[in-house]
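Overview (structure and organization)
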Amino acid sequence: MTRPPGERFPFEQWNDTLRSSATRFAGDNPGVTVLVYSAYETFTRVLDDPASCGFRPEDVQKAAGSIWVDHVHPTSKMHDEIAKDMLSFLTGVSRSAIS
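The structure reproduced in this document is the subject of the present report. (Residues numbered from 1 in each chain as written. Predicted model: local features only at pLDDT ≥ 70, side-chain atom pairs only at ≥ 80, totals over all residues. Heavy atoms only, no water.)

**A word on the overall build of the protein**
- Each helix and strand counted, the protein has three helices and zero strands in total.
- Along the protein, helices (α) and strands (β) appear in the sequence α-α-α when read from the amino end.
- For the protein, the proportion of its 99 residues judged to be buried stands at 29%.
- Nonlocal contacts in the protein, meaning residues at least 24 apart in sequence, comprise 46% of its contacts between residues at least 6 apart. (Helix = DSSP H or I, 4+ residues; strand = E, 2+ residues; numbered from the N terminus. Buried < 20%, exposed > 50% of the residue type's maximum accessible area, 1.4 Å probe, protein only. Contact = heavy atoms within 4.5 Å.)

Written out as structure tokens, the structure reads:
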């Protein structure tokens, strides 16, 4: 799973390292399936248009709001949004792609 957007959350280097490590691991282990889900995309969608996802716009950068528990941890409601996106991601993976 990638991390939230780098300009809003300092983990862009993590995302790049994760993708390259996953690619290398998949190449070194042809019998395994490697998938990388992008929380970056989920957070970007929510932070760009919070109201469309049922969040308060004023909570985009606010701790103890509807999106963030504190300066780094998402709320249960945000975890629900991540879970919905992750389910969609996994549902969209073709069986032939993971065979």
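There is more to say, and it comes next.
**Points about the nonpolar core**
- Counting residues in hydrophobic clusters, the biggest one holds 12 residues: Tyr37, Ala39, Phe43, Val46, Leu47, Cys53, Phe55, Val60, Ile67, Trp68, Met78 and Ile82.
- Every element with two or more residues in this core is listed here: helix H2 (39-48) and helix H3 (76-91). (Core = buried A, V, L, I, M, F, W, Y, C linked by side-chain atoms within 4.5 Å.)

**Remarks on the packing of H2 against H3**
- For the pair H2 and H3, interaxial distance at closest approach is 10 Å and the crossing angle is 125°. Classified by the angle their axes make, H2 and H3 are oblique. Crossing of H2 against H3: the hand is right-handed. Contact with H2, carried on its side by Thr42, Phe43, Arg45 and Val46, involves Met78, Glu81, Ile82 and Asp85 of H3 and no other residues of that element.
- Split into classes, the residues belonging to the contact of H2 with H3 amount to four nonpolar, one polar and three charged. (Axes fitted to C-alpha atoms, helices over the stretch in contact; angles between N-to-C directions. Parallel < 35°, antiparallel > 145°, perpendicular 65-115°, else oblique. Left-handed = near helix turned anticlockwise from the far one by under 90°. Nonpolar A, V, L, I, M, F, W, Y, C, P; charged D, E, K, R; others polar.)

**Side note on the pattern of salt bridges**
- For the structure on display, the rule yields seven salt bridges.
- Residue Asp59 pairs with Arg56 through a salt bridge whose shortest N-O separation is 2.6 Å. (Salt bridge = Lys/Arg side-chain N within 4 Å of Asp/Glu carboxyl O.)

**Focus on unusual backbone geometry**
- Here the phi dihedral of Ala64 falls at roughly 65°; this positive angle occurs in a residue that is not glycine.
- Within the secondary structure layout, Ala64 lies in the loop between H2 and H3.

**Concerning the side chain of Thr75**
- Topologically, Thr75 is positioned in the loop between H2 and H3.
- Beyond its immediate stretch of four places on either side in the chain, Thr75 contacts Gly65, Ser66, Ile67, Trp68 and Val69.

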